[in-house]
Amino acid sequence: MFTTLVSPAELAAHRDDPAWIVFDCRHDLADTETGRRAYSKSHIPGARFVHLDEDLSAPKTGANGRHPLPDVQKFCQRLAALGMRNGMQAVAYDASGGFFAARLWWMLRWVGHTQAAVLDGGWDAWLAAGAPVDAQLPAPRAGNFSGAALDIAVDAQFILGTLGAAKNLIIDARSADRFRGENETLDPVGGHIPGALNRFFKNNLAADGHFKPAAELRDEYAQLLGGAVPDQVVHQCGSGVTACHNLLAMEVAGLPGSRLYPGSWSEWCSDPRRPVAR
């Protein structure tokens, strides 16, 4: 069972395994049809395409962030319609260093399915390994996937109520300039949640696009956390997507137990009564 990362070689060895299912999570925030177009041209054989906005998010209201979590049952039903069954090994991949794939990885954890992993190195690593690709749509198959939401997500009220508490630590996965309130192009307000620390999600990756070794990640996160333990940590970003990359990195590092603020900065800044730091 793979619960964090899987290599291209490991995935290729199980490519025809009926107990495995692969999800293509390629996406571009600036052009939301990029992933679907790329999938239609070429993908890992048998992979099912999932769209960040349509399959991994609920409709936006203007006050719930840019990528609010969907209804649990609708999410499970969607995966079941794609052929997901309880007990399957799920693998997610993208072409963006794993941060879209990590969203699906975390959501599977959220509904109680731990047999989920991200393809380390993603689409580029798959191609570099000379592994097969095709453009065929996988044959439809009925699934039976079900789940229930676990207590691994927090809301804005929780964040507001614990601001400044020594036992709670917020880690913001956005780039350093956006964290400082500079060059904000996605949300109407720049800045960060008061007291949050910054850990740009791309710092989880080595130069070759794979995740850094577990020991290296553990050292880096230990320095960031100080004396905090993982279950005192809440991860956020702009809209609850790249924060999942930091959650995955902590799992790889052997530091499980932290939680996600799905609404993240895009939800937080939608209410002018909430404090902002720059």
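Please read these numbers as outputs of a predicted model, since none were measured by experiment.

A.B. asks: I tried to follow the layout of surface pockets on my own but got confused; where do I start?
C.D. replies: Any empty space left between the atoms is revealed when a probe the size of a water molecule rolls over them. There is about 310 Å³ of room inside the largest pocket. Its residues assigned to classes, the lining of the largest pocket shows nine nonpolar, four polar and five charged.

A.B. asks: Looking at this structure, how should I read the packing of helix α8 (residues 214-225) against helix α9 (residues 243-252)?
C.D. replies: Describing two packed helices takes the angle between their axes plus the distance from one axis to the other. Contact geometry for α8 and α9: axes closest at 8 Å, N-to-C directions at 115°. Compared by their axis directions, α8 and α9 come out roughly perpendicular. Handedness of the α8/α9 crossing: left-handed. Across the interface between the two elements, A214, L217, Y221 and L225 from α8 touch N246, A249, M250 and V252 from α9. In the contact of α8 with α9, the residues fall into seven nonpolar, one polar and no charged.

A.B. asks: Could you clarify how one ought to interpret the sheet that holds strand β4 (residues 89-93) in this entry?
C.D. replies: Sheet strands pair via backbone hydrogen bonds, and the direction of the pair is either parallel or antiparallel. Here five strands make up an open sheet; going across it, the order is β1-β5-β4-β2-β3 and the pairing parallel. Two strands bound the open sheet, and with one partner strand each, they are β1 (5-6) and β3 (48-49). As defined by bridge partners, β1 adjoins strand β5 (residues 116-119) across two bridges and the pair is classed as parallel. If you follow L5 over to β5, its bridge partner there is V118. Where helix α4 (residues 99-110) meets the sheet, its contacts fall on β2 (20-24), β4 and β5, and the angle it forms with β5 comes to roughly 175°.

What counts, and where the lines are drawn
- Once a new chain begins, its residue numbering starts again from 1 and follows that chain's sequence as written.
- Side-chain atom pairs in this predicted model are given and counted only at pLDDT of 80 or more, local residue features only at pLDDT of at least 70, and totals for whole chains, interfaces and linings cover all residues.
- The side-chain values count all of the structure's non-hydrogen atoms but skip hydrogen atoms and water molecules.
- Using a grid of 1 Å spacing that covers the protein atoms alone, one calls a set of points a cavity when a 1.4 Å probe fits there but cannot get out, and a pocket when the set is open and has protein on both sides within 12 Å along at least five of seven lines; lining residues are those with an atom within 4 Å of a point.
- Grid points are joined across faces, edges and corners, and a volume is the space filled by probe spheres set on the points.
- Only Asp, Glu, Lys and Arg are considered charged in this grouping, and only Ala, Val, Leu, Ile, Met, Phe, Trp, Tyr, Cys and Pro are considered nonpolar; every other residue, Gly among them, is considered polar.
- Helix axes are fitted only over the stretch in contact, all axes being lines through C-alpha atoms; the angle between N-to-C directions runs from 0 to 180 degrees.
- A run of DSSP states H or I qualifies as a helix once it reaches four residues; a run of E qualifies as a strand once it reaches two. Both are numbered from the N-terminal end.
- With respect to orientation, any angle under 35 degrees is reported as roughly parallel, any angle over 145 as roughly antiparallel, any angle of 65 to 115 as roughly perpendicular, and every other angle as oblique.
- Crossing handedness is defined as follows: a turn of the near helix away from the far one that is anticlockwise and smaller than a right angle gives a left-handed crossing, while the clockwise case is right-handed.
- By definition, residues are in contact when any of their heavy atoms lie within 4.5 Å.
- Strands are labelled as partners when DSSP assigns at least two bridges between them.

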